[in-house]
Amino acid sequence: MAKRSNDTHAPVEHEHEHEHHAEPGFWQKYVFSTDHKVIGLQYGITALCFLLLGFILVALMRWQLAYPGQPIPLLGDLLGNVLGDRAISNGTLTAEGYNMFGAMHGTIMVFLAIVPLAFAAFGNYVVPLQIGAPDMAFPRINMASYQFFVLGGVVMLTSFVVPGGSAQAGWTSYSPLATTIPTSGQTFWLIGMVLLITSSLLGAVNFIATIIQLRAPGMTWMRLPFFVWAQFVTAFLLLLAFPPLEAAGVLQLMDQVAGTSFFLPTGLATSGAEEISGGGSPLLWQHLFWFLAHPEVYVLILPAMGIVAEIIANNTRKPLWGYKSLVYSVLMIGFLSFIVWAHHMYLTGMGTKISTFFQTTTIIISIPSVIILTCMFVSLWGGRIRFNTPMLFVLAFLPMFGIGGLTGLPLGFSYSDIHLHDTYYVIAHFHYIVAPGTIFALFAGIYYWFPKVTGRMMNEFWGKLHFWLSLIFMNIVFQPMFAQGMAGMHRRMYDGAATYAGAASPGDGAVVGLPDVFIDMNIGISQAAWALGIAQIPFIINFFYSIRKGAPVTSDNPWDATTLEWQTPTPPPHGNFVKPMKIHRGPYEYSLPGGEEDFLPQNQTAKTV
């Protein structure tokens, strides 16, 4: 096993040294820490704050969609003073403001909230503990990764108040639109993206090295918890898919500030002919972007699947069904995710043969996802299920992710995607994957590992209230969008398609726009979205109250789990383990015949008769 960096010390081996060392100060302990657990918590708290900000942006957009042209109550004038008239005029969200909020909502949710929470926060805290490591392989690189993340977030937020407002070309930043919009916000967006990508690359290298080199003796590959496998594959996705987008971001930045034309074609005309050198390819940006952005979908979902697997095994009190099938499936997803990207580009006229190739690979990649879901469903069969808060979120994750996956199949076929592309159907499909899918799994992980992090339990009543309200309102928000999308409602109409719906052909009076029933759905959807935001208040109160006042855990292993993170003191000290770990078995030895208890941790010898 590789030696660790000198700035981390096992507490047993160097206990006499610690007696002579001064306690690290606040800045060294919490701000510039190299402890993987502190960095994981830093990522987690920061990502949750960005998650709240991303939701606030979409809540303001939903007001405009439900009540077009009406001033935003209470906050309209205040936001107008901060963001300027281009975004909010006389308290009303403008078309430009809608584009700003839409672009930043997508960017913040994906790159600043869910990916850092799912991969960096949970991965940093849990992976070294689950493999029996004292820390990450490169603790200082780990610290630098978080610092790049924060810096990228600050740059993104600064773009709201620069001349012209924030980015307005969507979270995809398509050229040439992104370069021709008269705002400095797009430049800030690109700089922020370069910083965020650098952060992810540093983290990916660290995770790969840690999992390969720092596993405890006896922790073979097929004894790894499935969560570690999911993080391992996710790290490779980030390592291989992010560099093309970072290069593309630098090139588009040059188009913005240096007068180059990497993505700007000859003869480009907006309100007039653009004075550019030309010769660039807008489609090149799309290829580079989606080469990252489709693996990015699995960067969101794979850590969530890992969390779900851990909680299912623990709360059914039985081994995961088909553990090797799960591992091989996640490896296959990692490989296939790199050859499906152009199914986002059917409308670019790539040709029928290329379209056929990408729709074929898109259908093939659904197979390992179905295998993973099947294994998890079968794992529930015959289990003595404990219906605690983490398990409720997991049980909701399974059908919600299934809905998201099944509704993605029509988008994978080039002929049906022509009708559904860029409609609210796409919004509904993607959000079923990410919102009641990934975010539910992340909530489950927070409730599940909270007692290990804090030594206290979160309140079950408020946790279950949070779950049921979230489940109900989440479905009320996104289910109607499938109908809106199939009716043809475009997702970039800032007035909820009200203007488009009023169009009629002359003479016969036939309506050529959308029927009013689909427009009126925006009111109910928006009200449910705001109620969904209110439903998070029990979680926020429960989270912070339980840190100080929650019921103390009665043991280091309150869930009677088998993996190594529950074999440390609570909360784990610097160095994690009070004695070296040696692994004797797989990660999910539950309900063994003849055992004294219904679980057997990985580091314990068998106690069977």
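Going by the structure above, here's the rest.
Residues numbered from 1 in each chain as written. Predicted model: local features only at pLDDT ≥ 70, side-chain atom pairs only at ≥ 80, totals over all residues. Heavy atoms only, no water.

1. Brief notes about unusual backbone geometry
Reasoning step 1: In this structure, the amide linkage connecting Ser-175 to the following residue, Pro-176, adopts the cis form with an omega of 5°.
Reasoning step 2: Counting through the fold element by element, Pro-176 comes out in the loop between helix H6 (139-158) and helix H7 (177-180).
Reasoning step 3: Of the consecutive residues Thr-570 and Pro-571, the connecting peptide bond is found in the cis state with omega at -10°.
Reasoning step 4: With respect to the secondary-structure elements, Pro-571 resides in the segment after strand E4 (551-552).
Reasoning step 5: Backbone geometry places Leu-74, a non-glycine residue, at a positive phi of 70°.
Reasoning step 6: Residue placement: Leu-74 occurs in the loop between helix H3 (36-66) and helix H4 (76-83).
Reasoning step 7: Taking the relative accessible area as the measure of exposure, Leu-74 reaches 88% and is therefore exposed.
Reasoning step 8: We note that Asn-90 has phi near 55°; this positive angle belongs to a residue other than glycine. (Helix = DSSP H or I, 4+ residues; strand = E, 2+ residues; numbered from the N terminus. Buried < 20%, exposed > 50% of the residue type's maximum accessible area, 1.4 Å probe, protein only.)

2. Some words on the side chain of His-343
Reasoning step 1: As for its placement among the helices and strands, His-343 is situated in the loop between helix H11 (323-336) and helix H12 (352-380).
Reasoning step 2: Among the residues examined, His-343 registers a relative accessible area of 10% and is labelled buried.
Reasoning step 3: One polar contact links His-343 to His-344, side chain to side chain, over a distance of 3.2 Å.
Reasoning step 4: Once residues lying within four places of it in the same chain are set aside, the contact partners of His-343 are His-294, Phe-358, Thr-362, Leu-411 and Asp-417. (Polar contact = N/O pair within 3.5 Å; in protein donor to acceptor, adjacent residues only side chain to side chain. Contact = heavy atoms within 4.5 Å.)

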